[in-house]
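Coordinates in review
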Amino acid sequence: MTKKKITKKDNTIALNKRARHDYFIEEEIEAGLALQGWEVKSLRAGKANIGDSYVIFQRGEAFLFGANITPLNVASSHVVCDPTRTRKLLLSKKEIDSLFGKSNRDGYTIVALSLYWKSAWAKVKIGIAKGKKQHDKREDIKEREWKLTKDRIMKNAGR
C-alpha cells in the first residue's frame, strides 16, 4: 500500500511585508471582515493588496482603510465595484475600545499585517505598531544580513 503525500494548503491571501520593516509590532489581533459577494470572489482568486492599509475608528466601530481588492471581470455587472472602499472590521466592543485607546493615547498606529482564510471566513491580522526610525531599519538589515552570513558559514563549516 502506498502512502499519500498530504500537503497543507496555504491560506494566506495577501501579506504586508513593509509593515514589519517600517514598524515595531507590539501586539497582533485577528479580526473578521465584512465583505460583499464580489469581494469574496476576488479574494478567492488572490486579487488583494493590503500594502498601504491601516485601521480607522468612526462612531465606535473599526474600519480597514486603504485595502485594495481588485474586482474580477466576471463579477456581476449590476453591482458597482469600488476596489478601495472602507471595510468594516468585526471585533468585540472590548477589543475596539482597547485599540482605540492605544492608538489615541499612546501614539500607536494600527496596520494590517496579513489577510488570510480561516475555514470559510476571511480574516485580517492587525498589529498595534510604533514607527521605526531610519537607524532602527538599518540595524534590522544588518542583523538579517549577519544571520544569512552566519548560516552560510555554519553550512560550509561541516564540509
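Refer to the preceding data block for the structure.
Anyway, here's the lowdown on the structure attached to this text. Since this is a predicted model, take the numbers as computed values, not measurements.

Observations concerning the overall build of the protein chain
Regarding its fold elements, the protein chain presents four helices and nine strands. Reading the protein chain from its N terminus to its C terminus gives the helix and strand order β-α-β-α-β-β-β-β-β-α-β-β-α. By the compact-globule yardstick of 15 Å for 159 residues, the protein chain is too spread out, its C-alpha radius of gyration being 20 Å. Based on the C-alpha atoms only, the size of the protein chain along its principal axes is roughly 65 × 60 × 30 Å. The proportion of buried residues among the 159 residues of the protein chain is 30%. For the protein chain, restricting intrachain contacts to residue pairs at least 6 apart in sequence, the fraction spanning at least 24 positions comes to 69%. Summing over all exposed atoms, the protein chain offers an accessible surface of approximately 11,300 Å²; the carbon and sulfur share of this is 51%. Computed over 34 positive and 19 negative side-chain charges, the separation of the two mean positions in the protein chain equals 7 Å.

Remarks on the side chain of serine 114
Relative to the elements of secondary structure, serine 114 occurs in strand E8 (residues 109-118). Taking the relative accessible area as the measure of exposure, serine 114 reaches 10% and is therefore buried. Excluding anything up to four places from it in sequence, serine 114 contacts Ala14, Leu15, Ile50, Lys123, Val124 and Lys125.

Here's the deal with the nonpolar core
Among the nonpolar cores identified, the biggest contains 26 residues, and Leu43, Leu89, Leu91, Leu115, Val124 and Ile126 are the most heavily contacted of them. Elements with a contribution of two residues or more to this core: strand E1 (12-15), strand E2 (23-33), helix H2 (37-44), strand E5 (61-65), helix H3 (93-105), E8 and strand E9 (121-131). Residues contacting valine 124, with those up to four places away along its chain left out, are Ile29, Glu30, Ala31, Leu33, Leu89, Ala112, Ser114, Leu115 and Tyr116.

Some points on the environment of threonine 84
Relative to the assigned elements, threonine 84 resides in the loop between strand E6 (68-69) and strand E7 (87-90). Note on threonine 84: relative accessible area 44%, which makes it partly exposed. C-alpha of threonine 84 to C-alpha of glutamine 36: the two residues are 48 residues apart in sequence and 13 Å apart in space. Beyond its immediate stretch of four places on either side in the chain, threonine 84 contacts Ala67 and Asn68.

Examining unusual backbone geometry
Non-glycine residue arginine 59 carries a positive phi angle of around 50°. Since its relative accessible area comes to 70%, arginine 59 is described here as exposed.

As for the packing of aromatic side chains
Applying the stated criterion to the full structure yields two aromatic pairs. Between phenylalanine 57 and phenylalanine 100, the ring centres sit 5.4 Å apart and the planes meet at 80°, which makes this aromatic pair edge-to-face. Taken together, the residues phenylalanine 57 in strand E4 (residues 54-58) and phenylalanine 100 in helix H3 connect sequence positions 43 residues apart. Phenylalanine 100 gets classed as partly exposed once you look at its relative accessible area, which sits at 39%. Here arginine 44 stacks its cationic end above the ring of tryptophan 117, 4.1 Å away from the centre of that ring. Here the basic side chain of lysine 130 rests over the ring of tyrosine 108, its NZ or CZ set 4.9 Å away from the ring centre.

Side note on the pattern of salt bridges
One pass over the full model with this rule turns up nine salt bridges. In this structure, the salt-bridge partner of glutamate 28 is arginine 20, at a minimum N-O distance of 2.6 Å. For arginine 20, a relative accessible area of 44% puts it in the partly exposed group. Its salt-bridge partner being glutamate 30, residue lysine 118 comes within 3.2 Å of it at the nearest N-O pair. Residue lysine 118 is found in strand E8, and its partner glutamate 30 is found in strand E2; the two are separated by 88 residues along the sequence. The class for lysine 118 is partly exposed, based on a relative accessible area of 42%. Sharing partners across several salt bridges, the network here consists of Arg20, Glu28 and Lys125.

Procedures and definitions
- Residues numbered from 1 in each chain as written.
- Predicted model: local features only at pLDDT ≥ 70, side-chain atom pairs only at ≥ 80, totals over all residues.
- Heavy atoms only, no water.
- Helix = DSSP H or I, 4+ residues; strand = E, 2+ residues; numbered from the N terminus.
- Rg over C-alpha atoms; globule rule 2.2 N^0.38 Å.
- Buried < 20%, exposed > 50% of the residue type's maximum accessible area, 1.4 Å probe, protein only.
- Contact = heavy atoms within 4.5 Å.
- Areas by Shrake-Rupley, 256 points an atom, 1.4 Å probe, with all protein chains shown as cover.
- Lys, Arg positive; Asp, Glu negative; His and termini not counted.
- Charge placed at Lys NZ, Arg CZ, Asp CG, Glu CD.
- Core = buried A, V, L, I, M, F, W, Y, C linked by side-chain atoms within 4.5 Å.
- Phe/Tyr/Trp six-rings, centres within 6.5 Å; stacked < 30°, edge-to-face > 60°.
- Lys NZ or Arg CZ within 6 Å of the ring centre and 35° of its normal.
- Salt bridge = Lys/Arg side-chain N within 4 Å of Asp/Glu carboxyl O.

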